[in-house]
Amino acid sequence: MDSSRPKSKTWPPALSLTLFLLAHLLPSATAVTPLITYHDGPLLTGNLSLAVLWYGRFHSGEKKVIRAFIESLTTDRSLSFQPDVYAWWQKVESYATVANKGGSFGKKKKKIPTGGFVRIAREVYDENASAGKVLVDESIPGLLKEVTAGLANTVAVIFAAKDVTVLDTCDNLCYMNGVIGKQVYIAIGNPGEKCAAACGGPFHHSKVRGGPPAAVVLQSPNENVGLDSMIIHLASALAETVTNPFNSGFFGGEKGEYQAARACAGLYARGAFPGYPGNVRVDPNTGGAFNAHGLNGTKFLLPALWDPKASNCWTTLWLQQGRSWLRRSSWKTLSLSFTAYVYSFLFGWQPVMPCFQYQ
């Protein structure tokens, strides 16, 4: 006999469990989005010249991939597939546009030039690691003189090979960037052997700083975990060096802990949340995960960036998502991905990537 009572709506068991655990185990998902503001300081704009030091022994293929990434930053998008590295760099350059409109504080100042090229102006090779196999703060000034040789208006970039340790990068940020005197610099180590657990990014079952452990582990796009992790850290460091070179540009937080890339750490595509990288694309031939095409058929996984115009995180595979990302996300994707995270967290199970786009 049919009842006249309306049937109650029931949620699938997996989704019910996911929602319950989401509410109780992942408070960061609904946390207040950090706010990055402009503090009226100079940005690095126009043409960006890099003086590169290859410190230690690199394979020619590793240098080729890194050079391709740098060249892809400002090469016209018509020469590569979409989404591309060029589009990612345009988001970095959008900070200058925001600054020209008065920044977050609405203060008018001298117009900042926009656009320009990123290029390697000088390369130096130190295969014998002359300053030692452990780079400390005291090592950096001498290496900066070696790589720039007095060349003005450059950003010095030190790439350390996998047999070299860049001190403190495994315990703090996975890269160094700052200013010594008037010289802006970046130092990137290869975490493949020394600290993959801390700095291997989504290619290792690691924990995003300040967040939960990774729910899934991605295959690296160039089939080299250390190298592809270096690309992520280089991209992060370049974005933050350009937008906040002297700690007076774009940043947020009481101690300036939120910057262009750090504010969105661990996010790479739509559907991402702390511990889950999002619905990245996968190369059907190699299984490598990526979110940006580069020159000569290269593929890269690049970090999300803080969008200074929309005040939320953005990636090349991310349709504008801010505080309301949870409401707009696909419940099916959210259920599957977060259930994977829960199983990983509770039972140590490392699942195969769910819900990724092949292309």
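Residues numbered from 1 in each chain as written. Predicted model: local features only at pLDDT ≥ 70, side-chain atom pairs only at ≥ 80, totals over all residues. Heavy atoms only, no water.

Some points on the packing of helix 3 (residues 85-100) against helix 7 (residues 225-243)
Interaxial distance between helix 3 and helix 7 falls to 9 Å at its minimum, and their mutual angle equals 20°. One finds that helix 3 runs roughly parallel with respect to helix 7. Considering the relative orientation of helix 3 and helix 7, their crossing is right-handed. Residues Trp88, Trp89, Val92 and Tyr95 of helix 3 form the contact with helix 7, whose own contacting residues are Ala235, Leu238, Ala239, Val242 and Thr243. Of the residues belonging to the contact of helix 3 with helix 7, the class tally is 8 nonpolar, 1 polar and no charged. (Axes fitted to C-alpha atoms, helices over the stretch in contact; angles between N-to-C directions. Helix = DSSP H or I, 4+ residues; strand = E, 2+ residues; numbered from the N terminus. Parallel < 35°, antiparallel > 145°, perpendicular 65-115°, else oblique. Left-handed = near helix turned anticlockwise from the far one by under 90°. Contact = heavy atoms within 4.5 Å. Nonpolar A, V, L, I, M, F, W, Y, C, P; charged D, E, K, R; others polar.)

Notes on helix 7
Along its 19 residues, helix 7 runs 27 Å from first to last C-alpha, staying within 8% of the 27 Å computed at 1.5 Å per residue. Counting buried positions along helix 7 gives 18 out of 19 residues, so the element sits mostly inside the fold. (Expected span 1.5 Å × (residues − 1). Buried < 20%, exposed > 50% of the residue type's maximum accessible area, 1.4 Å probe, protein only.)

Focus on the pairing of strand 7 (residues 175-180)
Relative to strand 8 (residues 183-188), strand 7 is paired through 6 bridges, and the arrangement is antiparallel. Within strand 8, the residue paired with Gly178 across the bridge is Tyr185. In this structure, the hairpin formed by strand 7 and strand 8 is closed by a connection of 2 residues, where Gly181 is found at a positive phi of approximately 65°. (Pairing = 2+ DSSP bridges.)

Brief notes about the pattern of salt bridges
A complete count under the given rule lists 7 salt bridges for this structure. The salt bridge involving Lys133 is made with Asp163; its shortest N-O contact spans 3.2 Å. Of this pair, Lys133 sits in the loop between strand 3 (118-126) and strand 4 (134-135) while Asp163 sits in the loop between strand 5 (154-160) and strand 6 (165-166), and the two are 30 residues apart along the sequence. According to the relative accessible area criterion, Lys133 is partly exposed, its value standing at 41%. Take Asp163: its relative accessible area is 29%, and that puts it in the partly exposed class. One salt bridge connects Glu193 with Lys162, and the closest N-O pair in it is separated by 4.0 Å. Here Lys162 lies in the loop between strand 5 and strand 6 and Glu193 lies in helix 5 (residues 191-194), a separation of 31 residues in the sequence. Classification of Glu193 by relative accessible area gives exposed; the value is 57%. On the accessibility criterion, Lys162 (35% relative accessible area) is partly exposed. (Salt bridge = Lys/Arg side-chain N within 4 Å of Asp/Glu carboxyl O.)

Purely geometric stuff here, so don't read any function into it on its own.
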